[in-house]
Amino acid sequence: MKKIAFLTGAGISEESGIATFRGSGGLWNDYDVMEVASIDGWYKNPELVVQFYNERRQQLESVEPNEAHYIIAELEQWFDIVVITQNVDNLHERAGSSQILHLHGELTKVCTEDHTNIIDIGYRNLRYGEKDKQGKLLRPFIVWFGESVPKLVEAIEIVEQADIFVIVGTSLNVQPASYLYSYTDNSTPIFLIDPHHLPTISRKVEFIQAKATEGMKQLKEQLLTSFL
Ligand code: OAD
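Source: prediction; values computed, not measured.

Cut-offs used in this document
Residues numbered from 1 in each chain as written. Predicted model: local features only at pLDDT ≥ 70, side-chain atom pairs only at ≥ 80, totals over all residues. Heavy atoms only, no water. Helix = DSSP H or I, 4+ residues; strand = E, 2+ residues; numbered from the N terminus. Rg over C-alpha atoms; globule rule 2.2 N^0.38 Å. Contact = heavy atoms within 4.5 Å. Lys, Arg positive; Asp, Glu negative; His and termini not counted. Charge placed at Lys NZ, Arg CZ, Asp CG, Glu CD. Pairing = 2+ DSSP bridges. Axes fitted to C-alpha atoms, helices over the stretch in contact; angles between N-to-C directions. Buried < 20%, exposed > 50% of the residue type's maximum accessible area, 1.4 Å probe, protein only. Near = heavy atom within 4 Å. Polar contact = N/O pair within 3.5 Å; in protein donor to acceptor, adjacent residues only side chain to side chain. Areas by Shrake-Rupley, 256 points an atom, 1.4 Å probe, with all protein chains shown as cover. Nonpolar A, V, L, I, M, F, W, Y, C, P; charged D, E, K, R; others polar. Parallel < 35°, antiparallel > 145°, perpendicular 65-115°, else oblique.

Draft legend 1. A look at the overall build of the protein chain. Tallying secondary structure elements over the protein chain gives nine helices and nine strands in all. The C-alpha atoms of the protein chain give 18 Å as radius of gyration, which agrees with the globular expectation for 228 residues (17 Å, within 12%). When its C-alpha atoms are laid out on the principal axes, the protein chain stretches across 55 × 35 × 30 Å. Across the protein chain, every contact between residues at least 6 apart in sequence was considered, and the portion connecting residues at least 24 apart equals 64%. Across the protein chain, the mean location of the 20 positive side-chain charges is 3 Å away from that of the 32 negative side-chain charges.

So this is what it looks like as structure tokens:
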């Protein structure tokens, strides 16, 4: 089976009703990213950060995966698929994908500040000041700006081994996700699905200018006719 690595961003969940971060209607128009999504923001006002992620987690419970998530899961019938996602939602899991790497953490988990204890809390709120059984303060299990990305090495290995690389719904503004494509072999085809602009990347890409659901339908056809 050919190996396909997907890199997904907020755009793939947009049609499920979750706002993207940048652009019109983006979350970072309403919130200061450094206040709610950076390690400095956590030290400055942890209560605000806990509340921000509680709201995201509550919203997650009310939305569903869309056709784009489902098609990626369906492609496992024909390909060895790994999804590297910047998204902290669980819509790839709920659509049935079996190999998912969350580069930026997961909304349905919390952890201690030293990351030694990671706890699944589902969709419930984290109480500000809540501690684990050892008395350690709990925080959202999110990789914030100013923190290292623990899954980066694993992600690079996946990209290096991919026969096909597909980027869906990310502005490629945030490192290291933005340069993962550079670890593909020079002969590896790269597809990029986005309804707006083609982000600048220094490799030849096949640009499918469409929303994720429409773009994934087109890509599925292409994969089944040209890559089996
Ligand atoms: P962005 O909000 O930066 O980019 C979303 C991308 O999705 C843009 O290129 C849009 O054109 C595209 N888009 C919008 N609607 C779409 C649709 N229906 N189908 C497909 N694409 C669509 O989101 P990310 O690139 O994911 O990190 O952002 C990366 C990281 O920045 C996030 O993981 C988050 C954020 O700060 C942290 O908070 C740590």
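Past the structure itself, the notes keep going.
Draft legend 2. Quick look at the sheet that holds strand β6 (residues 138–142). The sheet built from three strands is open, its strands ordered β5-β4-β6 with antiparallel pairing. Only two strands of the sheet have a single partner each, and these edge strands are β5 (118–120) and β6. When the angles between neighbouring strand axes are averaged without regard to direction, this sheet yields 45°. The pairing of strand β4 (residues 105–112) with β5 spans three bridges and is classified as antiparallel. Pairing of cysteine 111 across the sheet is with isoleucine 118, part of β5.

Draft legend 3. Quick look at the side chain of asparagine 90. The topology assignment puts asparagine 90 in the loop between β2 (80–85) and α7 (91–95). Once residues lying within four places of it in the same chain are set aside, the contact partners of asparagine 90 are Leu60, Thr108 and Tyr123.

Draft legend 4. Region of interest: the pairing of β2. With respect to burial, β2 is a largely interior element, five of its six residues being buried. Alignment of strand β1 (residues 3–8) against β2, held across six bridges, turns out to be parallel. Directly across from leucine 7, in β2, lies its bridge partner isoleucine 84. Bridge analysis of β2 against strand β3 (residues 100–102) gives three bridges, and the strand direction is parallel. Note that in β3 the partner of threonine 85 across the bridge is histidine 102.

Draft legend 5. Just the site of the ligand, in detail. Lining the immediate surroundings of the ligand are 22 residues, of which Arg22, Thr170, Ser171, Asp194 and His196 lie closest. In the environment of the ligand, an oxygen atom lies 2.7 Å from a nitrogen or oxygen atom belonging to the side chain of arginine 22. Between an oxygen atom of the ligand and a side-chain N or O atom of histidine 104, the distance comes to 2.8 Å. Protein coverage of the free-state accessible area of the ligand, which is 800 Å², stands at 95%. Class assignment for the residues of the shell around the ligand results in eight nonpolar, nine polar and five charged.

Draft legend 6. Summary view of the packing of helix α6 (residues 67–74) against helix α9 (residues 212–226). Across the interface, α6 lies against α9 with an axial gap of 8 Å and an inter-helix angle of 25°. Comparing their axes, α9 and α6 come out roughly parallel. Within the contact between the two elements, α6 uses Glu67, Ala68, Ile71, Ile72 and Glu74 and α9 uses Ala212, Thr213, Met216, Lys217 and Lys220. Residues of the contact of α6 with α9, tallied by class, amount to five nonpolar, one polar and four charged.

Draft legend 7. Structural context of the side chain of threonine 108. By secondary structure assignment, the location of threonine 108 is in strand β4. For threonine 108, a relative accessible area of 11% corresponds to the buried category. In this view, threonine 108 contacts Arg57, Leu60, Asn90, Ile119, Asp120, Ile121, Gly122 and Tyr123; residues no more than four positions away in its chain are not counted.

Draft legend 8. Main features of the sheet that holds strand β9 (residues 206–208). A sheet is described by the order of its strands in space; here six strands give the open sequence β3-β2-β1-β7-β8-β9, paired in parallel fashion. Here the strands that pair on one side only, and so sit at the sheet edges, are β3 and β9. Neighbour-to-neighbour, the strand axes of the sheet open up by a mean angle of 15°, direction not taken into account. Sitting on the sheet, helix α8 (residues 152–161) touches β1, β2, β3 and β7 (164–168), and the angle it makes with β2 is about 140°.

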